[in-house]
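Fold and contact review
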Amino acid sequence: MNAPLPLPALDDIRAHEDEMVAIRRRIHAQPELAFEERATSDLVAQCLQRWGYDVHRGLGVTGVVGTLKAGTGTRRIGLRADMDALPIAEATGKPWASQVLGKMHACGHDGHTAMLLAAARHLAATQRFDGIVHLVFQPAEEGLGGAKRMLDDGFLDLFPVEAIFGMHNSPGRPAGRFIAHAGPTMASGDTCIVKIRGTGGHGAMPHRATDAVVAASSFVMALQTIVSRNVPPLEAGIVSVGAFLAGDAPNVIPGEVELRLTVRAFSAAVRDLLERRIGEIARAQAESFGCTADVNYIRRYPVLVNHPRETAFCAQVVRDWLGPEGLLDAEPVSASEDFAFFLERIPGCYVFIGNGEGDEGGCMVHNPGYDFNDRCLSTGATYWVKLVESYLKPPAT
């Protein structure tokens, strides 16, 4: 079978593709979890310094920011890539598979880092822009809010930008094509821990116990009415019970049940509604069975809202480069992303790049069989370069 044709990319970026793929696979083989990305950040910093960037380290513990100035312009933009891996045992069997037991790059952050590094090399070599670029290599996207940590550590004081941009791969979509969706694009992602307490007892004498399992079961069923009866029909909400923890013996009625929920929404109002109704239903259902409920609602990632002007700009960059066929139909994604914290503070846009369809794209992210598609690396890097050169276009002479 013939190898697939290369995807669109700048020739100078393609010329260094093998080196960038090697970097991607090196990162993939040595995955590091949130706030532990020391070897990865060392590698990123060394590359940026070698190419002439001013490098700042330590924001968000292991974050790296590389700054490059060209021309006399004072406009500033940020480009962000995430670096952390997931606590998943890899099952790809590939030569560059994870060498660290129980950890793998199952979301493509190795590819995101390599794409931005490839763009960094080209931008430094050509400097065909007028202004300042901050390349943000962020730790801890997977659940621990590395973006918020970088902001809390003073990112905007040190690196004020007028716009910020991010990119994520999208398995199942045509390789090397892009999605730019304005408005709410990724859902908020919250966790809720509910503990329902009753009185334990012997399974043969349930009348002498207060059965927390029955109360918790009723709570799970009542939860289903929130989205169907409280959320407006033209809006979206998700409430899923991922864990129901109770007892370990068939003849013992446990005195406590713990439920762990994931909660998603595409607007702040629905997010507030979901939090309120979960608490109300938990307490009411528990009380109706003679139990009590403790509700710990943990707000993690807000709704990711792409700004209209910056989204239109990103889409135009793709159209000018690849034509209208370079853009895929856009629709919101119910997963969550901590780039949302940046977009709460700074105008910007988070785009997706297709990782490939069928066998080429592999399985969905967060799966032991996932791998980033290296064919997309030079294309993603070229997008970054064209975005910078368009946004920071030198003045006409």
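See above for the structure.
Read on for a plain summary of the structure. (Residues numbered from 1 in each chain as written. Predicted model: local features only at pLDDT ≥ 70, side-chain atom pairs only at ≥ 80, totals over all residues. Heavy atoms only, no water.)

A closer look at the packing of helix α4 (residues 109-126) against helix α12 (residues 377-391)
How we decide: Axis angles are defined between N-to-C directions and span 0 to 180 degrees, where every axis is a line fitted to C-alpha atoms and, for a helix, only to the segment in contact. Secondary structure elements follow DSSP: runs of H or I no shorter than four residues count as helices, runs of E no shorter than two count as strands, and numbering proceeds from the N terminus. Oblique is the label for any angle not under 35 degrees, not over 145, and not in the 65 to 115 range, which are roughly parallel, roughly antiparallel and roughly perpendicular in turn. Here is the rule for handedness: rotate from the far helix to the near one, and if that takes an anticlockwise turn smaller than a right angle the crossing is left-handed, while a clockwise turn gives right-handed. Contacts between residues were defined by any pair of non-hydrogen atoms, one from each residue, lying within 4.5 Å. Classification used: nonpolar for Ala, Val, Leu, Ile, Met, Phe, Trp, Tyr, Cys and Pro, charged for Asp, Glu, Lys and Arg, polar for all others including Gly.
One way to put it is that α4 packs onto α12 with a least axis distance of 8 Å and a crossing angle of 50 degrees. Taken as axis vectors, α4 and α12 run oblique relative to one another. Note that α4 runs across α12; the crossing there is right-handed. Of the residues in α12, those in contact with Ala-114, Met-115, Leu-116, Ala-118, Ala-119, His-122, Leu-123 and Thr-126 of α4 are Leu-377, Gly-380, Ala-381, Trp-384, Val-385, Val-388 and Glu-389. Taken together, the residues that form the contact of α4 with α12 break down as eleven nonpolar, three polar and one charged.

A word on the packing of aromatic side chains
Rules: To pair, rings of Phe, Tyr and Trp, with the six-membered ring standing in for Trp, must have centres within 6.5 Å; the planes then decide the type, stacked if under 30 degrees apart, edge-to-face if over 60, and tilted in the middle. Accessible area is worked out with a 1.4 Å probe on protein chains only. A residue is then buried under 20% of its type maximum, exposed over 50%, and partly exposed in between. For a lysine, the NZ atom is tested; for an arginine, the CZ atom; a charge sits over a ring if that atom is within 6 Å of the ring centre and within 35 degrees of the ring normal.
One pass over the full model with this rule turns up twelve aromatic pairs. Their ring planes at 70 degrees and their centres at 5.9 Å tell us that Phe-165 and Tyr-391 sit as a pair that is edge-to-face. Taken as a pair, Phe-165 in strand β5 (residues 163-171) and Tyr-391 in helix α12 lie far apart in primary sequence, 226 residues in all. Residue classification places Phe-165 among the buried positions, given a relative accessible area of 0%. In textbook terms, an aromatic cluster arises when at least three aromatic residues are bridged by ring pairs, as seen for Phe-155, Phe-159, Phe-339, Phe-342, Tyr-350 and Phe-352. We note Arg-25 situated over the ring of Trp-96; from NZ or CZ to the ring centre the distance is 3.5 Å. Positioned above the aromatic ring of Phe-35 is the side chain of Arg-149, whose terminal nitrogen or guanidinium carbon lies 5.6 Å from the ring centre.

Looking at the nonpolar core
Convention followed: Take the buried residues of types Ala, Val, Leu, Ile, Met, Phe, Trp, Tyr and Cys, join any two whose side-chain atoms come within 4.5 Å, and each joined set is a nonpolar core.
If you look at the biggest cluster of nonpolar residues, it comprises 67 residues, and the most contacted ones within it are Leu-48, Leu-79, Phe-137 and Tyr-383. Examining the composition of this core, we find that nine residues originate from one element, α4, more than from any other. For Tyr-383, the contacting residues outside a window of four places in its chain are Met-167, Phe-178, Cys-314, Val-317, Val-318, Trp-321 and Val-351.

Quick look at helix α8 (residues 268-288)
Because an α-helix completes one turn every 3.6 residues, residues spaced three or four positions apart along the sequence face the same direction. Which entries qualify depends on this criterion: Working rule for helices: expected span equals 1.5 Å times residues minus one.
If you check α8, its first and last C-alpha atoms are 30 Å apart, about what 21 residues at 1.5 Å a residue would give, namely 30 Å. Within the sequence span of α8, burial applies to Val-270, Arg-271, Leu-273, Leu-274, Arg-277, Ile-278, Gly-279, Ile-281, Ala-282, Gln-285 and Ala-286. Against β8 (188-197), α7 (212-230), β10 (237-245), β12 (256-265) and β13 (292-301) lie the buried residues of α8. Once α8 ends, the next one or two residues include Gly-290, with phi positive near 80 degrees.

Quick word on the sheet that holds strand β3 (residues 76-82)
Selection criterion: For two strands to be treated as a pair, DSSP must find at least two bridges joining them.
Here we have seven strands laid out as an open sheet, ordered β1-β2-β4-β3-β5-β15-β6, and mixed in their pairing. Looking at the sheet topology across the chains shown, the edges are occupied by β1 (54-57) and β6 (178-179). Bridge count for β5 against strand β15 (residues 348-356) is eight bridges, and the pairing is parallel. Looking at the pairing, His-168 lines up with Phe-352 of β15. Against the sheet, helix α3 (residues 38-50) makes contact with β1, β2 (64-70) and β4 (131-138), and its axis sits at roughly 160 degrees relative to β1, the strand it touches most. The strands touched by α12 within the sheet are β3, β4, β5, β6 and β15, with β5 carrying the most contacts at an inclination of about 160 degrees.

Some remarks on the sheet that holds β12
Read across the open sheet, the four strands follow the order β10-β12-β8-β13; overall the sheet is antiparallel. Only two strands of the sheet have a single neighbouring strand rather than two, namely β10 and β13. Averaged over all adjacent pairs, the angle separating strand axes in this sheet is 20 degrees, with direction ignored. With nine bridges joining them, β8 and β13 adopt antiparallel strand pairing. Residue Arg-197 lies in a different strand from β13, and its bridge partner there is Thr-292.

Quick word on the side chain of Ser-378
Here Ser-378 lies in helix α12. On the basis of relative accessibility, which here comes to 1%, the residue Ser-378 falls in the buried class. Non-local contacts of Ser-378, meaning those with residues more than four positions away in its chain, are made with Ala-9, Ile-13, Arg-14 and Glu-17.

Some details on the side chain of Thr-191
Within the secondary structure layout, Thr-191 lies in strand β8. In this structure Thr-191 touches Leu-261, Asn-296, Tyr-297, Ile-298 and Arg-300, once residues within four positions along its chain are discounted.

Re the packing of helix α2 (residues 17-29) against α3
Where α2 contacts α3, the axes come no closer than 10 Å and their chain directions differ by 160 degrees. Relative to α3, the element α2 lies roughly antiparallel. The chirality of how α2 crosses α3 is right-handed. Between α2, through Glu-19, Ile-23, Arg-26 and Ile-27, and α3, the contact on the second element is made entirely by Thr-40, Leu-43, Cys-47 and Arg-50. By residue class, the composition of the contact of α2 with α3 is four nonpolar, one polar and three charged.

Here's the deal with the pattern of salt bridges
The line we're drawing: Here, a salt bridge means any side-chain nitrogen of Lys or Arg that lies within 4 Å of a carboxyl oxygen of Asp or Glu.
Summed over the entire model, instances satisfying the criterion amount to 27 salt bridges. Arg-57 is the salt-bridge partner of Asp-42, the closest N and O atoms lying 2.6 Å from each other. Remark: Arg-57 occurs in strand β1 and Asp-42 occurs in helix α3; sequence separation between them is 15 residues. For Arg-57, a relative accessible area of 38% translates into the label partly exposed.

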